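If you want the building blocks of each chain, they are given just below.
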Amino acid sequence: MPTVADRVAQTVVAGYLEPGVEPHFHPDSYGYRPGRSALDAVGVCRERCWRQAWVLDLDLKSFFDSVPWDLLLKAVARHTDQRFVLLYVERWLKAPLQLEDGSLVERDRGTPQGSAISPLLANVFLHYAFDAWMAREHPGIQFERYCDDVIVHARSEREARQLRAAIASRLADCGLQLNEQKTRIVYCKSSIRRGSHEHVSFDFLGYTFRPRLSRNRAGDVFVGFVPAVSDDARKQLGWEIRRWRLHLRSGTTLTDLARSINLIVQGWINYYGHFYRSELVRLLRRINDYLVRWARWKCKRLRSSPAKARRFLAEVYRREPDLFAHWRIGARPDCWTMGAG
């Protein structure tokens, strides 16, 4: 962990460097950049998957632990002639790692994760190692990159395989490696793409892209290749809901419960509910299951009857439909779908 003094210095240097490097960054680089977000990257990726049938889902092996210092310093030097900036960056890169027992481990590559300047250094390095190289060597190929999370689009499986080999070679020249087990070629299957392939889904920034039933503006149902909250994110959110133990807070009111979770749930809605919201709604209905259990603990007259507790909660919803954030987006307690725990 960097010291307070180092955090201040890193913030100053990052503020000095960013205005100079930002105009040079590729338009399809989204991570840790002003005016850009992960949702922007997911939205662009969705539209490109509709237009091109193949995706190369890249996984960079131990990126933050593998960045060569000499190449990174060379990249930074292209954007500043201030020697103090290069000296400070070199010092932070070469700082040893202190373990829990107090011992120091010397490092010979990698960037300091968790520091104020690490995201900017990662973007500078990958701009030259990947973005600018792609624009120069493969100008017709579209991609989305959020720090070291990269999706590349291809017109055919053959092109995707060729890109995989070329990118692996380029990254090796820059001291990086692809994780061969996690890097995959994916077929964006849909109603108009009826072929088959080993992989028909991929994860990107907390969303899983795969074939899903969708409905067009005319109301017709079709299979589209679209993103929804990922399985990993669902598990994490489900674990968080269980951790709240809402059903055991019998000493509080429903209003108190709503105040304690609404900001968190609204944050989930803002991010994971941006695309294919019905998947998130299905998950958030679990909260209602815990509220029913809360009602049975709270009121003796409801203790012996889950059905009565559900009707009680439905009546609360009809009086105060905006009480809970998840109620506002359709996870209503008057149309029940029981969650799994």
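Up top is the structure.
Definitions and cut-offs
Residues numbered from 1 in each chain as written. Predicted model: local features only at pLDDT ≥ 70, side-chain atom pairs only at ≥ 80, totals over all residues. Heavy atoms only, no water. Salt bridge = Lys/Arg side-chain N within 4 Å of Asp/Glu carboxyl O. Buried < 20%, exposed > 50% of the residue type's maximum accessible area, 1.4 Å probe, protein only. Disulfide = S-S within 2.5 Å. Bend = angle between axes of the 7 residues up to and from the residue. Helix = DSSP H or I, 4+ residues; strand = E, 2+ residues; numbered from the N terminus. Contact = heavy atoms within 4.5 Å. Patch = residues over 30% accessible without salt bridge, like charges linked within 9 Å, V, L, I, M, F, W, Y side chains within 5 Å. Areas by Shrake-Rupley, 256 points an atom, 1.4 Å probe, with all protein chains shown as cover. Phe/Tyr/Trp six-rings, centres within 6.5 Å; stacked < 30°, edge-to-face > 60°. Pairing = 2+ DSSP bridges. Axes fitted to C-alpha atoms, helices over the stretch in contact; angles between N-to-C directions.

S.K.: Could you clarify how one ought to interpret the pattern of salt bridges in this entry?
M.R.: Think of it this way: side chains of opposite charge can pair up when their charged atoms draw near. Evaluated as defined, the whole model comprises 14 salt bridges. The residue Arg136 makes a salt bridge to Glu137 at a minimum N-O spacing of 3.5 Å. Overall, Glu137 belongs to the partly exposed group, its relative accessible area being 44%. Note that Arg155 and Glu159 form a salt bridge whose closest N and O atoms lie 2.5 Å from each other. Glu159 gets classed as buried once you look at its relative accessible area, which sits at 14%. Taken together, the salt bridges that share partners define one network made up of Asp28, Arg48 and Glu144.

S.K.: Quick question: what am I supposed to make of the state of the cysteines here?
M.R.: Working definition of a disulfide: a covalent bond connecting the sulfur atoms of two cysteines. Within this structure, the stated rule accounts for 0 disulfides. No disulfide involves Cys174; its sulfur sits 15 Å from that of Cys147, the nearest cysteine. Cys174 gets classed as buried once you look at its relative accessible area, which sits at 8%. Here Cys188 stays free of any disulfide, with the sulfur of Cys49 as its closest cysteine sulfur at 4.0 Å. A relative accessible area of 0% places Cys188 in the buried class.

S.K.: In this structure, what is going on with helix H9 (residues 254-272)? I would like to understand it.
M.R.: Count 3.6 residues to each turn of an α-helix, and residues three or four apart come out pointing the same way. Ile261 marks the point of greatest bend in H9, at about 45°. For H9, the full list of buried residues reads Leu254, Leu257, Ala258, Ile261, Asn262, Val265, Trp268, Ile269 and Tyr272. Contacts from the buried residues of H9 go to strand E8 (207-215), strand E9 (221-229), helix H8 (231-244), helix H10 (277-298) and helix H11 (306-319).

S.K.: What is the right way to read a nonpolar patch on the surface from this model?
M.R.: Side chains of Tyr16, Phe84 and Tyr88 sit close together on the surface and give an oily, nonpolar patch of about 280 Å² of accessible area. Inspection of the secondary structure puts Tyr16 in helix H1 (residues 4-21).

S.K.: Whenever I open this one, the packing of aromatic side chains confuses me. Can you help?
M.R.: How two aromatic rings sit relative to each other is set out by the distance from centre to centre and by the angle between their planes. For the structure shown, the criterion picks out 17 aromatic pairs. Where Phe209 meets Phe225, the ring centres are 6.5 Å apart and the plane angle is 35°; that geometry is what we call tilted. Taken together, the positions of Phe209 in strand E8 and Phe225 in strand E9 put the pair 16 residues apart, joining distant regions of the chain. Phe225 sits in the buried class, given a relative accessible area of 1%. Here the aromatic rings of Tyr317 and Trp327 are separated by 5.6 Å at their centres, their planes lie at 85°, and the arrangement is edge-to-face. Note that Tyr317 is positioned in helix H11 and Trp327 in the segment after H11, a separation of 10 residues in sequence. Just as Tyr317 is buried, Trp327 falls in that class too. Aromatic ring contacts, followed pair by pair, group Tyr207, Tyr271, Tyr272 and Phe275 into a single cluster.

S.K.: Sorry if this is basic, but what is going on with the sheet that holds E9 here?
M.R.: Strands in a sheet are paired, the pairing made by backbone hydrogen bonds, and the direction either parallel or antiparallel. Taken together, the 3 strands give an open sheet; going across it, the order is E7-E8-E9, and neighbouring strands pair in antiparallel fashion. Each edge of the open sheet is held by one strand with a lone partner, namely strand E7 (202-204) and E9. Neighbour-to-neighbour, the strand axes of the sheet open up by a mean angle of 50°, direction not taken into account. Sheet analysis places E7 next to E8, joined by 3 bridges and oriented antiparallel. What sits directly across from Asp203, in E8, is Thr208. The strands that helix H2 (residues 38-51) touches are E7, E8 and E9; relative to E8, the one it contacts most, it runs at about 55°.

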